[in-house]
Amino acid sequence: MTTTASDTDVVPEPIHEQSTNGPDPNQEDRSNDVVSEEQVVKNGVEEEEEIGKKFTMRELLGGLKTDTSPSPDVTPSPLHSSNTPLSENGSQHSFQNNAAMELINSVTGVDEEGRSRQRILTYAAKRYASAIERNSGDYDALYNWALVLQESADNVDPESASPSKDALLEEACKKYEEATRLCPSLHDAFYNWAIAISDRARMRGRTKEAEELWKQATEHYEKAVELNWNSPQALNNWGLALQELSAIVPAKEKHNIVKMAISKFRSAIQLQFDFHRAIYNLGTVLYGLAEDLLRIGGSSNSKDVSPNELYSQCAIYIAAAHALKPNYPVYRSALRLVRSMLPLPYLKVGYLTAPPAGNPIAPHSDWKRTQFVLNHEGLYQLIQSDQNPSRQSLSSKPTDGANNKRSAIKVDIPDIVSVSACADLTLPPGAGLCIDTVDGPFYSVADSWESLDGWLDALRLVYTIFARGKSDVLAGVITG
């Protein structure tokens, strides 16, 4: 019987990225129900003052709150003196600066906090504009000014007709473009540029213009990752942009784009095993893929994963995200929808080809494909006589007697040292899995490379949940 959501259920939604919202680039949570990873990076980009001192965006947004010279309440002076001669290039920059400043000056903020913040942003923009007039090749100032414009876009009153958020974001994109032209290795600029483009695309719904913007966003995330491969945030947001793009493109293109999104989320998780946003987002994209396959009656390719299996995989990631962040309402709501899709009272059930228990170097002919189950305590092998693993009690940990007959091979989660794919020539052909433990390695072979990815993720997630002291939360999910 196919497992799916009823018409009254709420389909789990991906956690969307947002543009700049707060002076602290290391701030993880901005609210309980919006947990985006698109927090703009502001570290390490500086602007040189006339006196030689350098300021970062973070310093300007934080430190300038107490700066009384000039006061944020004072109307900013013109960007340059009327009797100061300007070159042709300087005149062009002055015109562009004035246009951007007009946009920033027209932002008022929605409340007193927003107005106070906007005064600081206006003061910061004035500094960056002056720096660019002095040195048109100052890519740091261009980058930081783009951040100010992006911050200001978040400060626009939704009921205000002017300026538009889109106009500020468009101007920010121009600054990012110029900054990256001057410094092609500025990965933070490509990352935040992609955020601005994503925000512009989201304003346009599912239109052709939005499709082109989402494509641009994915290209800029790709460049950011190319320049800084060790960024799970960029990979996660790249996956989100692909997920949004897949909802707009023609049906024949959708499947490949969704597969790419899955690979980006998975890569983000592999860089940071407790990255709950990417874990949850991977669950949502798998859920969407299952819904699509169910709608068309399944895949025509027999090698593709079935909708039921995709639903089960989706539930694993959402359960893991909830275990890592049990207080997030978004995760709790999604878990209520998908929990029944788990092979309860286990987290994962599947097949692995393994050697006889206690004989890891047995001939290939002795290796057997048998069923394994994974819960919060460990990975256990089930013998063929156990027809329905979901009827077994989690509390009956296999240690002796009849239990040994039921679970010949067991790997306890606390004993795991590492989990990895392997291509050892001594193993039977296929997708090799190595679980290194304090008692030595356990080798097995998954049914396919895609199946191997599922086992690797599930084992790493369960271990990460254990290492973070959240095994009791996961136990509550699967034992209910």
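Nothing here was measured: the structure is a model prediction, and the numbers come from that model. (Residues numbered from 1 in each chain as written. Predicted model: local features only at pLDDT ≥ 70, side-chain atom pairs only at ≥ 80, totals over all residues. Heavy atoms only, no water.)

**Student:** Got a sec to walk through the overall build of the protein chain? Specific residues and values, please.
**Tutor:** A tally of regular secondary structure across the protein chain gives 15 helices and nine strands. Looking at the protein chain residue by residue over its 480 residues, the buried ones come to 50%. Accessible surface computed for the protein chain: about 22,200 Å², of which carbon and sulfur atoms make up 49%. (Helix = DSSP H or I, 4+ residues; strand = E, 2+ residues; numbered from the N terminus. Buried < 20%, exposed > 50% of the residue type's maximum accessible area, 1.4 Å probe, protein only. Areas by Shrake-Rupley, 256 points an atom, 1.4 Å probe, with all protein chains shown as cover.)

**Student:** With reference to specific residues and values, describe helix H14 (residues 449-467).
**Tutor:** One turn of the α-helix equals 3.6 residues, which is why residues spaced by three or four share an orientation. Over its 19 residues, H14 runs 27 Å from end to end, which matches the ideal 27 Å to within 8%, given 1.5 Å per residue. Among the residues of H14, Leu 452, Gly 454, Trp 455, Leu 456, Asp 457, Ala 458, Leu 459, Arg 460, Leu 461, Val 462, Thr 464 and Ile 465 are the ones counted as buried. Note on H14: the residue one or two positions beyond its end, Gly 469, has a positive phi of about 70°. (Expected span 1.5 Å × (residues − 1).)

**Student:** I'd like to hear about the packing of helix H9 (residues 251-271) against helix H10 (residues 276-295), residue by residue, with values.
**Tutor:** Put simply, H9 and H10 touch, their axes get as near as 9 Å, and they point 160° apart. Regarding the angle of H9 to H10, the classification is roughly antiparallel. Here H9 runs over H10; the crossing is left-handed. For the pair H9 and H10, contact is made by Lys 254, His 255, Val 258, Ala 261, Ile 262, Phe 265, Arg 266, Ala 268 and Ile 269 and by Ala 278, Ile 279, Asn 281, Leu 282, Val 285, Leu 286, Leu 289 and Asp 292, respectively. Tallied by class, the residues present in the contact of H9 with H10 amount to 12 nonpolar, two polar and three charged. (Axes fitted to C-alpha atoms, helices over the stretch in contact; angles between N-to-C directions. Parallel < 35°, antiparallel > 145°, perpendicular 65-115°, else oblique. Left-handed = near helix turned anticlockwise from the far one by under 90°. Contact = heavy atoms within 4.5 Å. Nonpolar A, V, L, I, M, F, W, Y, C, P; charged D, E, K, R; others polar.)

**Student:** With reference to specific residues and values, describe the environment of Leu 352.
**Tutor:** By secondary structure assignment, the location of Leu 352 is in strand E3 (residues 348-354). Here Leu 352 falls in the buried class, since its relative accessible area comes to 0%. Once the C-alpha coordinates of Leu 352 and Phe 372 are considered, the two residues, 20 residues apart in sequence, prove to be 6.7 Å apart. With residues near it in sequence (within four places) discarded, Leu 352 still touches Lys 368, Arg 369, Thr 370, Phe 372, Leu 433, Ser 444, Val 445, Ala 446 and Trp 455.

**Student:** Talk me through the packing of H9 against H14; I want residue IDs and the actual numbers.
**Tutor:** The interhelical angle for the contact between H9 and H14, taken along N-to-C directions, is 35°, at an axis separation of 12 Å. For the pair H9 and H14, the sense of crossing is left-handed. Contacts between H9 and H14 involve Lys 259, Arg 266, Ile 269 and Gln 270 from the former and Glu 450, Asp 453, Asp 457, Arg 460 and Leu 461 from the latter. Considered class by class, the residues forming the contact of H9 with H14 number two nonpolar, one polar and six charged.

**Student:** Give a detailed account of the side chain of His 220, specifying residues and quantitative values.
**Tutor:** Mapped onto the elements, His 220 comes out in helix H7 (residues 208-227). On the basis of relative accessible area, His 220 is assigned to the buried category, the value being 12%. Contacts of His 220, omitting those with residues within four sequence positions, involve Phe 190, Trp 193, Ala 194 and Ile 197.

**Student:** Tell me what's going on with the pattern of salt bridges, and back it up with residues and numbers.
**Tutor:** Using the criterion set out here, one finds 19 salt bridges in the structure. Asp 199 is paired through a salt bridge with Arg 202; the nearest N and O atoms lie 3.4 Å apart. Note that Asp 199 and Arg 202 are positioned in helix H6 (residues 187-202) at a spacing of three residues, about one turn of the helix. For Asp 199, a relative accessible area of 8% translates into the label buried. Glu 209 is the salt-bridge partner of Arg 204, the closest N and O atoms lying 2.9 Å from each other. Salt bridges sharing partners connect three or more residues here, namely Asp 166, Arg 200, Arg 204 and Glu 209. (Salt bridge = Lys/Arg side-chain N within 4 Å of Asp/Glu carboxyl O.)

**Student:** So, the nonpolar core: which residues are in play, and what are the values?
**Tutor:** Among the nonpolar cores identified, the biggest contains 118 residues, and Trp 145, Leu 379, Leu 433 and Ile 435 are the most heavily contacted of them. Looking at this core, the element that brings in the most residues is helix H11 (residues 307-324), giving 12 residues. If we ignore the near neighbours within four places in the chain, the residues touching Ile 435 are Leu 379, Val 411, Ile 416, Ser 418, Val 419, Gly 440, Pro 441, Phe 442 and Leu 459. Core analysis: the second largest hydrophobic core is formed by six residues, Ala 362, Cys 422, Cys 434 and Val 445 among them. (Core = buried A, V, L, I, M, F, W, Y, C linked by side-chain atoms within 4.5 Å.)

**Student:** Residues and numbers for the pairing of strand E9 (residues 440-446), please.
**Tutor:** Two elements, E3 and E9, share two bridges in a ladder whose sense is antiparallel. Bridge pairing in E9 links Leu 352 to Ala 446. Two strands pair when backbone bridges link them, and strand E8 (residues 431-437) and E9 are joined in this way by seven bridges, in the antiparallel orientation. Each bridged residue has a counterpart across the sheet, and for Ile 435 the counterpart in E9 is Phe 442. Linking E8 back to E9 in an antiparallel pair, the connection comprises two residues. (Pairing = 2+ DSSP bridges.)

**Student:** Report on the confidence of the model for the protein chain, specifying residues and quantitative values.
**Tutor:** Of the residues in the protein chain, 70% reach a pLDDT of 70 or more, and the chain-wide mean stands at 78. Segment residues 18-60 is flagged for pLDDT under 50; beyond a separation of four residues in sequence, or across chains, it makes 133 contacts in the model. Confidence over residues 63-90 falls short of pLDDT 50; this stretch has 30 contacts with residues more than four positions distant or in other chains. (pLDDT = per-residue confidence, 0-100.)

**Student:** Which residues make up the packing of aromatic side chains, and what values do they have?
**Tutor:** Applying the stated rule across the entire model yields eight aromatic pairs. Ring plane angle 25° and centroid distance 6.1 Å describe the contact between Phe 190 and Trp 193, whose orientation is recorded as stacked. With a gap of three residues between them, Phe 190 and Trp 193 both fall in helix H6, about one helical turn apart. Trp 193 shares its class with Phe 190; the two are buried. Between Tyr 287 and Tyr 311, the ring centres sit 5.5 Å apart and the planes meet at 70°, which makes this aromatic pair edge-to-face. With Tyr 287 in helix H10 and Tyr 311 in helix H11, this pair connects stretches of sequence that are 24 residues apart. Tyr 311 shares its class with Tyr 287; the two are buried. The aromatic ring of Trp 238 is capped on one face by Lys 264, whose charged end is 4.0 Å from the ring centroid. (Phe/Tyr/Trp six-rings, centres within 6.5 Å; stacked < 30°, edge-to-face > 60°. Lys NZ or Arg CZ within 6 Å of the ring centre and 35° of its normal.)

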